[in-house]
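A closer look at the structure
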Amino acid sequence: MGSLLIFFIFLPFSVYAITLQEAENLAIKNYPKLKAIELQAKSLEKKSKSLKLLRLGEVDVIAGFTHYNRNNILVPMSHMPSPLNSLPFDSQKFSYGISYSVPLYLGGNISREVKIAKLQAEILKNLKTATQWQIKYNVDALYLNYLSLSETERALRSYKKSLIKLRESVKAGIKIGKFAEVDLLKLQYSIEDVQSKIDEIEAKKSAIITALETLVGKKIKKIEPVRINYQEEEYLLKNLYLKVLKKNHLIKAKEKEIRVSLKEVNTEKGKYGLKIKLDALYARNYGFDSKENEGFGTISLNFQFPIFEFGRKKYDILSAKLRKISKEKEYETSKLELKKELGNVIADLSSIQSKIRALKKKLELAKEVERIEKLKYESGKGDLDHLLLAKSKRFLTEAELRASYYRWESDRRRIKALMEEE
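Below: a short report on this structure. (Residues numbered from 1 in each chain as written. Predicted model: local features only at pLDDT ≥ 70, side-chain atom pairs only at ≥ 80, totals over all residues. Heavy atoms only, no water.)

1. Here we look at the nonpolar core
Counting residues in each nonpolar core, the largest one holds 56 residues, and the members touching the most others are Y143, I223, L342, W408 and I415. Elements represented by at least two residues in this core include exactly α1 (20-30), α3 (109-175), α4 (181-216), β4 (228-231), α5 (237-247), α6 (249-271), α7 (312-378) and α8 (384-419). The element that contributes the greatest number of residues to this core is α3, accounting for 12 residues. (Core = buried A, V, L, I, M, F, W, Y, C linked by side-chain atoms within 4.5 Å. Buried < 20%, exposed > 50% of the residue type's maximum accessible area, 1.4 Å probe, protein only. Helix = DSSP H or I, 4+ residues; strand = E, 2+ residues; numbered from the N terminus.)

So this is what it looks like as structure tokens:
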């Protein structure tokens, strides 16, 4: 385990400054897709409740007008006709009443559809959580990249300043014949080259700020420092991968999609199974010619079982099974992609940690060279040129080291995002 390093990069304070935590929270709050996912999940929860109520059946008010080409009995015959008690006949009637129909058995499909709706709502909630972590990491990556570029820019500006000082020294040396004119041209070329790199970094920083402003929904002039707790660690792919599989909500969503597809296979089978329904009706028929208004009621228990559906059952079930296999393949693909990304991040982290160790040693050497050049210059045995160059190399090495810390922190946060850990 390497040594623990905690440091800050300080930027000028501004009323428009933003912290990393604030940027993460605003980006999650302002991302419209999250609200859309949340509303879809609530919609499916309501649908689940609606499907559950299908078990209670449905009550309908019915009404209708019928015209016959000859007189027809208004109600079912309930007694033998007689001169004193004749049956009501009419060629036109208006029917009205109330009916109640309740499914007693539909092959278990109501309970399956309720569970499917609940699972689909849970899938959306899982996707919402996974999306939040992805947004958070997107903000982290942009934010840390900005700070890393700022360190490089500061180093380049210091290097440019040292070159300008060196140029003045060369100009003085040319006047007394100590240096050649071509040395001045070489220095000017180096200064212009450094400035072009500074301009390039400024353009990249501006693009990052624009991207961050889009994510957080507010103007940003400055960003505040980030505290980095650097501690060299060994990351094992196998252990981290197992943790990610348990915690990652995208994987959880893919698992539930398989469960949904399995229930859909059984739902298709249930569609072609036995169905039992109870129907009840109370209605009255009003005859326009006879002026009779007769009422009657019925209750029936109905059984339905398809014996031939022209091959639809086979194809519907096969289609559902293929969807299930497709979801299983998607699940395996997601796991492989996750493992690949995790492996790449771990490899990059290992490389960065090795680089940081090397840069620390390089920085120590650069500082020692600077110290020696300073002593030589102060004793009159050296010159200012070597001292300024030693200072610039030391500063560039330090900037590269600090930039590596940001890259390390970005990768570390990516692993945390995949494991969904703070």
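2. Focus on α1
Among all positions in α1, only L20, A23, E24 and A27 are buried. Along the axis of α1, the buried residues cluster in a sector spanning 100°; they form a single face. (Arc of directions from axis to C-beta.)

3. Description of unusual backbone geometry
Of note in this structure, K291 is not a glycine but carries a positive phi near 60°. Looking at the element boundaries, K291 is found in the loop between β5 (275-287) and β6 (293-304). For K291, a relative accessible area of 56% gives the class exposed. The backbone phi angle of F310 is positive, close to 60°, even though this residue is not glycine. Assignment of secondary structure puts F310 in the loop between β6 and α7.

4. Thoughts on the packing of α3 against α4
Where α3 meets α4, the closest approach of the two axes is 9 Å, and the angle between their N-to-C directions is 160°. Between α3 and α4, the angle falls in the class roughly antiparallel. The two elements α3 and α4 meet at a crossing, and its hand is left-handed. Classifying every residue of the contact of α3 with α4 by side-chain character gives 23 nonpolar, 6 polar and 11 charged. (Axes fitted to C-alpha atoms, helices over the stretch in contact; angles between N-to-C directions. Parallel < 35°, antiparallel > 145°, perpendicular 65-115°, else oblique. Left-handed = near helix turned anticlockwise from the far one by under 90°. Nonpolar A, V, L, I, M, F, W, Y, C, P; charged D, E, K, R; others polar.)

5. A word on the sheet that holds strand β2 (residues 58-73)
Strand order across the open sheet formed by 4 strands is β2-β3-β5-β6, with antiparallel pairing between neighbours. Unpaired on one side and paired on the other, β2 and β6 mark the two borders of the sheet. Along the sheet, successive strands turn relative to each other by an average axial angle of 25°, direction set aside. The pairing of β2 with strand β3 (residues 89-105) spans 12 bridges and is antiparallel. Residue pairing for β3: E58 is matched across the bridge by S101. (Pairing = 2+ DSSP bridges.)

6. Re the pairing of β6
Pairing between β5 and β6: 12 bridges, direction antiparallel. Paired with I276 across the two strands is F303, which belongs to β6. With antiparallel pairing between neighbouring strands as the criterion, β5 and β6 make up a hairpin whose turn holds 5 residues, including K291 at a positive phi of roughly 60°.

7. Looking at the environment of A63
Among the structural elements, A63 can be located in strand β2. For A63, a relative accessible area of 63% gives the class exposed. The spatial distance from the C-alpha of A63 to the C-alpha of S162 is 96 Å, given a sequence separation of 99 residues. Every residue in contact with A63, bar those within four places of it in the chain, is listed here: F94, S95 and Y96. (Contact = heavy atoms within 4.5 Å.)

8. Quick notes on the packing of α3 against α6
Their axes nearest at 9 Å, the elements α3 and α6 cross at an angle of 165°. Judged by the inter-axis angle, α3 sits roughly antiparallel to α6. Classified by chirality, the crossing of α6 by α3 is left-handed. Here the residues of the contact of α3 with α6 sort into 8 nonpolar, 8 polar and 11 charged.

9. What to know about the packing of aromatic side chains
Under the definition given, this model contains 6 aromatic pairs. Measuring from centroid to centroid gives 5.6 Å for F65 and F288, while their planes differ by 70°, and the two rings are edge-to-face. Of this pair, F65 sits in strand β2 while F288 sits in the loop between β5 and β6, and the two are 223 residues apart along the sequence. These aromatic residues form a ring-pair network of at least three members: F65, Y286 and F288. (Phe/Tyr/Trp six-rings, centres within 6.5 Å; stacked < 30°, edge-to-face > 60°.)

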